[in-house]
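# Inside the fold
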Amino acid sequence: MCCTQCAMGQVMQRLRLDWLGRQATEIQAKNTFKVCVCLVVAYTFYSFFIDYLAPDYVYGNVDAPPVWVEVLKYLGAIVMTVWGVWALSNTRFFVRTKYDIPEQRCHGCEDVCCALLCGCCTVAQIARHTGQHETYRSVCCSETGMPAEAPMIV
């Protein structure tokens with residue numbers, strides 16, 4: 001899960017989008033990757049903290065966690081999923097609009113469908129489309145997924 005959101009943050013920063021996939025100024029988009037990573041880390045800690053609140057379930061002393069623990073876990077998962085789909089569909093829409101790429105299927109909701117049904121494939125497609133991977137090697141631990149000397153596509 002976290003690799004997709006982190007790669008999405010790299011692509012959004014490369015495109016100068018904010019953490020919701022909206023067009024932003026260079027200053028506003030400066031920390032997009034960091035915000036995305038912080039959201040992933042915060043969600044991970046949130047999930048661990050919720051498990052910590054129900055130690056009897058975690059250690060197998062009871063068959064099911066308390067209902068409130070399940071509700072909090074699902075709530076966190078829903079919020080994270082909605083953010084990921086929203087930001088990725090906005091990013092995909094931005095790329096399609098910028099490069100004049102028409103929708104092929106699901107006219108009017110193709111961006112949302114792609115983000116919802118296969119987010120990792122969608123991020124990979126956008127990353128390939130917006131980076132000069134033939135000239136520059138991808139860099140896993142950079143804010144744009146490209147080396148510092150690689151020019152910004154946007």
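Now for a description of the structure that goes with this document. (Residues numbered from 1 in each chain as written. Predicted model: local features only at pLDDT ≥ 70, side-chain atom pairs only at ≥ 80, totals over all residues. Heavy atoms only, no water.)

This paragraph deals with the overall build of the protein. Along the backbone of the protein there are six helices and zero strands. Here the protein, with 154 residues, has 36% of them falling under the buried criterion. Pairs at least 24 apart in sequence give 58% of the contacts found in the protein among residues at least 6 apart. Carbon and sulfur atoms form 64% of the exposed surface of the protein, whose accessible area is close to 9700 Å². (Helix = DSSP H or I, 4+ residues; strand = E, 2+ residues; numbered from the N terminus. Buried < 20%, exposed > 50% of the residue type's maximum accessible area, 1.4 Å probe, protein only. Contact = heavy atoms within 4.5 Å. Areas by Shrake-Rupley, 256 points an atom, 1.4 Å probe, with all protein chains shown as cover.)

So, on to the environment of Lys-73. Mapped onto the elements of the fold, Lys-73 is located in helix α4 (residues 67-98). In this structure the C-alpha to C-alpha distance between Lys-73 and Tyr-46, which are 27 residues apart in sequence, comes to 8.4 Å. Not counting chain neighbours up to four residues away, the residues in contact with Lys-73 comprise Tyr-46, Ser-47, Ile-50 and Asp-51.

What follows is about the packing of aromatic side chains. All told, the structure shown has zero aromatic pairs when counted by the stated rule. Taking the ring centre of Tyr-99 as reference, the NZ or CZ of Lys-98 above it sits at 5.9 Å. (Phe/Tyr/Trp six-rings, centres within 6.5 Å; stacked < 30°, edge-to-face > 60°. Lys NZ or Arg CZ within 6 Å of the ring centre and 35° of its normal.)

Before going further, it helps to examine the packing of α4 against helix α5 (residues 110-117). At a closest axis distance of 8 Å, the pairing of α4 and α5 adopts a crossing angle of 130°. By the angle between their directions, the pair α4 and α5 is classed as oblique. When the axes of α4 and α5 are compared, the crossing they make is right-handed. Side by side, α4 and α5 meet where Val-85, Leu-88, Ser-89, Arg-92, Phe-93 and Arg-96 of the first sit next to Glu-110, Asp-111, Val-112, Cys-114, Ala-115 and Leu-116 of the second. Tallied by class, the residues present in the contact of α4 with α5 amount to seven nonpolar, one polar and four charged. (Axes fitted to C-alpha atoms, helices over the stretch in contact; angles between N-to-C directions. Parallel < 35°, antiparallel > 145°, perpendicular 65-115°, else oblique. Left-handed = near helix turned anticlockwise from the far one by under 90°. Nonpolar A, V, L, I, M, F, W, Y, C, P; charged D, E, K, R; others polar.)

Let's shift gears to the pattern of salt bridges. For the structure shown, the criterion picks out seven salt bridges. The partner of Arg-16 in a salt bridge is Glu-26, and the shortest N-O contact between them spans 3.8 Å. Here Glu-26 lies in the loop between α1 (2-14) and α2 (32-52) and Arg-16 lies in the loop between α1 and α2, a separation of ten residues in the sequence. Of the charged contacts, one joins Arg-96 and Glu-103 as a salt bridge, the two residues approaching to 3.7 Å between their closest N and O atoms. Its relative accessible area of 18% is what places Glu-103 among the buried residues. Taken together, the shared-partner salt bridges connect Arg-92, Arg-96, Glu-103, Glu-110 and Asp-111 into one network. (Salt bridge = Lys/Arg side-chain N within 4 Å of Asp/Glu carboxyl O.)

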